[in-house]
Amino acid sequence: MTNSEIATVFLNMADLLEMKNDNPFKIRAYRRAAESIKQLPREMSTMLAAGEDFREIPGVGEAVATKSEELLRTGRLAAYEELKAGMPPGVLDLMAVPGVGPKTAYRLAAELDVRSVDDLERAAADGRIASLTHMGEKTAEKILREVRAFRRKDRRYPLGAALPAVEEIMAALRKVPGVRNLTPAGSLRRFRETVGDIDIMATAADPEAAIAAFVGLPQVVEVLARGTTKASVLLPGNLQADLRIVAHESFGSLLQHFTGSRDHNIALRAFAQRMGLSLSEYGIADAMGKIETFTDEASFYGRLGLAFIPPEVRENQGEIDLAAHGALPRLLEPGDVRGDFHTHTDWSDGQATLEEMAAAAEALGYEYLVVTDHSAGLGIANGLAADRLRSQAERIRAINRTRKRTRLLAGVEVNIKADGRLALSDEALAELDVVIAAVHSSLSQSEQKMTRRVVAALENPHVDILAHPTCRLIGRREPASLDMAAVIEAAARWGKALEINAMPDRLDLNAAHIRQARDRGVMLAIATDAHAADHLSLMRFGIGTARRGWCGPKDVLNTRRLGEVLAWLRRPA
DNA sequence: GCCGTTTTCGGCCCGACTGTTTTCAGTCG
């Protein structure tokens, strides 16, 4: 049973308890524990096998620890089954519809025998919902609208699609006179790999002009709401974007509030409360109720005695305590990056020539660019066998003689075959500056098999970096089942680096695994997997993901100078 | 149910919006 399955059980328990009007703080405790479990960097099954205490997990105490263990050992939870048995069937499913919470779901299930979203739509359409006490026509209409939107709406959007959309909108709004402080908020600002909708905040001399410009953008498909300081629109693909024009004096607290995460804000308010202060989006109130306002986030956090907390780590994962002690790590910044470790050219399936890639790397000011075309082998277009690889390395050396600013390193992305052997001989690999190894096929192997396979590749003394370790494609392909703790352990033992693949649809490793690897002292290499010259600019997605994994410059290989990188590559096997 | 540089008991984040209501409950972020 995975962490996310366990978390779902506790979230469902919280909903069921809420339907029964149980103690709201108990309900919140279950939700907090679930959130904490969902964000764990390690599988609870692994922790159980290692004999670790679940009560070390924030928000998890005696009860949740025992229940988690029961779930892991038996696959069921008696208390949960009992709770469900006392409730109308299907009641939890109704809550998938926005606007239908536990109380509404329970009433509809109990009083109208609504058991599914389909039932819900019928009950809303035929007047039964409107006939209930404390509900009416408007409630029924809203539910009907939400059910239909729910059916056609894609849930979350990949950051790689949302971020360019936001930048386009902001570029247009920047041209509106008097618009200042344009900043994205929400999960996009925190660099989550997917976002639910887009939130943009700004101050403006003439808010209504800013709103008018926003709803008038050419990419707007539909205007959902338009007020004097806030508007919501639908972009292509049903992506919702909100613009909020806020007062300048409260911009800091408002941006902080709308950046979240929810859990970070809850924890921050609890922290403030212990100081006798009360937080809201409008500022910080003292015991007398006097509100102090903040024009920027740093002074808002500062008033609480906290260092500025970067948006990427605002997930209630210990950042508040560290900020209170001035002990937050300095996170990686774009200017720290000196090169890229995973790129393709037209020698295999890339689009650009070696020279074009070198020129693009120079334009970025890189000290080095590692060329890692695919190896020959199973299912990979135009992969290089040993002889072509040798020719490419010669060509690279020739280019290095003419270009001084960026050094090309000869590498390969060698395929890890289904049995864990590599697609190139040790002799061929030995001639190269950098070897990255990656799985590309047989992705549905069992966890044991896949783990053994990847660990075997890491064990090869010529392999330097494991690329896109889980092979996931966000929204399209689930990660391969892989015991990441074992992979990290292997990388630590043999001094290998793990890749943070910066392709926005990969972002692999993910933030939780990055933090786990970093905490274990494993080197990380951020790489774009570029298949064209302009893909080198995707590095920022890798940097954002590394920041979500708490990485600073020393945790990341490509912050090193060329000489240090070459020394690292010669490390003893 | 969880948790402790105010507590092992007594607290637990805050505000807006909506709809159905004579004062508030539910939902959301």
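Just above, that's the structure.
So, here is what we can say about the structure in this document. (Residues numbered from 1 in each chain as written. Chains lettered and ligands numbered in written order. Predicted model: local features only at pLDDT ≥ 70, side-chain atom pairs only at ≥ 80, totals over all residues. Heavy atoms only, no water.)

Examining the overall build of chain A
Which entries qualify depends on this criterion: A run of DSSP states H or I qualifies as a helix once it reaches four residues; a run of E qualifies as a strand once it reaches two. Both are numbered from the N-terminal end. Put simply, the radius of gyration uses C-alpha atoms, and a globule should come to 2.2 Å times the residue count raised to 0.38. Type-normalised accessible area, obtained with a 1.4 Å probe on protein chains alone, sets the label of each residue: buried when under 20%, exposed when over 50%, and partly exposed for intermediate values. Note on contacts: a residue pair qualifies if any of its non-hydrogen atoms lie within 4.5 Å across the two residues. The protein chains shown are the only cover counted for residues, whose accessible areas, like all others here, come from Shrake-Rupley with a 1.4 Å probe. A positive count includes Lys and Arg, and a negative count includes Asp and Glu. His and the chain ends are not counted in either. Where a charge sits is defined by one atom per residue type, namely NZ (Lys), CZ (Arg), CG (Asp) or CD (Glu).
When helices and strands are tallied, chain A shows 24 helices and 17 strands. For 573 residues, the compact-globule estimate of 2.2 N^0.38 gives 25 Å, and chain A sits close to it at 26 Å. Taking the principal axes of the C-alpha coordinates as reference, chain A spans close to 80 × 65 × 50 Å. Taking all 573 residues of chain A together, 52% fall into the buried category. The contacts in chain A between residues at least 6 apart in sequence include a share of 67% that link residues at least 24 apart. Summing over all exposed atoms, chain A offers an accessible surface of approximately 25400 Å²; the carbon and sulfur share of this is 50%. Here chain A contributes 74 positive and 77 negative side-chain charges, whose respective centroids are spaced 1 Å apart.

Brief notes about helix α18 (residues 386-402)
The criterion, for reference: Expected span of a helix, by definition, is 1.5 Å for each gap between consecutive residues, and there is one gap fewer than residues. Note that the arc is defined by the directions from the helix axis to the C-beta atoms.
Here α18 spans 25 Å end to end across 17 residues, near enough to the 24 Å set by a 1.5 Å rise per residue. Three or more residues of α18 are buried, namely L389, Q392, A393, I396, I399 and N400. Down the axis, α18 shows its buried residues gathered within 120° of arc, on one side only. Away from its buried face, by an angle of more than 90 degrees, α18 presents the exposed residues R401 and T402. Buried residues belonging to α18 abut α17 (354-363), β12 (368-374) and β13 (407-416).

A word on the packing of aromatic side chains
Basically, it comes down to this: A pair of Phe, Tyr and Trp rings is counted when the ring centres sit within 6.5 Å of each other, with Trp represented by its six-membered ring. The angle between the planes then sorts it: under 30 degrees is stacked, over 60 is edge-to-face, the rest tilted. Two conditions define a charge sitting above a ring: the NZ of Lys or the CZ of Arg must be within 6 Å of the ring centre, and it must be within 35 degrees of the ring normal.
The final tally for this structure, using the stated rule, is 6 aromatic pairs. Seen from their ring centres, F191 and F541 are 6.0 Å apart, and the 55° between their planes marks the pair as tilted. You can see F191 sitting in the loop between α11 (186-189) and β3 (194-195) and its partner F541 sitting in helix α23 (residues 539-548), a full 350 residues away along the chain. The exposure class of F541 is buried, given its relative accessible area of 3%. On the numbers, 6.0 Å between centres and 85° between planes, the contact of F300 with Y301 is edge-to-face. Linked through ring pairs, F294, F300, Y301 and F308 together constitute an aromatic cluster. For R493, the ring lying beneath its charged end belongs to W494, and the centroid distance is 4.8 Å. Across the ring face of W550, the terminal group of R515 is positioned such that the distance to the ring centre comes to 3.9 Å.

Examining the pairing of strand β17 (residues 524-527)
Put simply, the rule reads: Two strands make a pair as long as DSSP finds a minimum of two bridges between them. When the strands point away from the viewer and the connection leading from the first strand across the helix to the second strand turns clockwise, the crossover is called right-handed.
Across the two faces of β17 the burial is the same, with L524 and I526 and A525 and A527 all buried. Note that strand β16 (residues 497-501) and β17 share 4 bridges and pair parallel. Bridge pairing in β17 links N501 to A527. Crossover β16 to β17 through helix α22 (residues 511-519) is right-handed.

A closer look at the protein's contact with DNA strand B
Selection rule: Any residue with a heavy atom lying within 4 Å of a molecule or strand is counted as near it. Definition of a polar contact: a pair of N or O atoms within 3.5 Å, with one able to donate and the other able to accept a hydrogen when the atoms are protein atoms, and with sequence-neighbouring residues admitted only if both atoms are side-chain atoms. Side-chain classes are defined by residue name, with Ala, Val, Leu, Ile, Met, Phe, Trp, Tyr, Cys and Pro counting as nonpolar, Asp, Glu, Lys and Arg as charged, and the others, Gly among them, as polar.
Within the structure, DNA strand B sits among 37 residues, and R28, G61, G99, T104 and G136 are positioned closest to it. One nitrogen or oxygen atom from the main chain of V64 is found 3.3 Å from a phosphate oxygen belonging to DNA strand B. Within the side chain of T104, an N or O atom sits 2.6 Å from a phosphate oxygen of DNA strand B. Mapped by element, the contributors of at least two residues to the surface near DNA strand B are α2 (24-38), α4 (62-74), α7 (102-112), α9 (137-152), α14 (262-274) and β8 (278-280). It is α2 that provides the largest number of residues to the surface near DNA strand B, a total of 5 residues. Of the residues contributing to the surface near DNA strand B, the split by class is 15 nonpolar, 13 polar and 9 charged.

Observations regarding the pattern of salt bridges
Stated precisely, the cut-off is as follows: Between Lys or Arg on one side and Asp or Glu on the other, a salt bridge is scored when a side-chain nitrogen of the former is within 4 Å of a carboxyl oxygen of the latter.
Scanning the entire structure with this criterion turns up 36 salt bridges. The salt bridge partner of K38 is E35, with a shortest N-O separation of 3.8 Å. Of this pair, K38 and E35 both sit in helix α2, 3 residues apart, which is roughly one turn of that helix. Here E35 falls in the buried class, since its relative accessible area comes to 18%. In this structure, the salt-bridge partner of D555 is K554, at a minimum N-O distance of 3.7 Å. Under the relative-accessibility criterion, D555 is labelled buried at 10%. Each of the salt bridges in this network shares a partner with another, and the network as a whole consists of R518, D519, K554 and D555.

Looking at the sheet that holds strand β9 (residues 283-285)
Ordered by their spatial adjacency, 3 strands build an open sheet running β8-β9-β10, and the pairing between neighbours is antiparallel. With partners counted over all chains shown, the strands left at the sheet margins are β8 and β10 (291-292), one partner each. Alignment of β8 against β9, held across 3 bridges, turns out to be antiparallel. Counterpart to L279 in the pairing with β9 is I284.

Brief notes about the side chain of R547
Residue placement: R547 occurs in helix α23. When its relative accessible area of 14% is taken as the criterion, R547 is described as buried. Of note is the side chain of R547, whose polar atom sits 2.7 Å from the side chain of E312. Dropping the residues within four chain positions of it, R547 is found in contact with P310, E312, V313, L331, L332 and E333.

Purely geometric numbers; function is a separate question.
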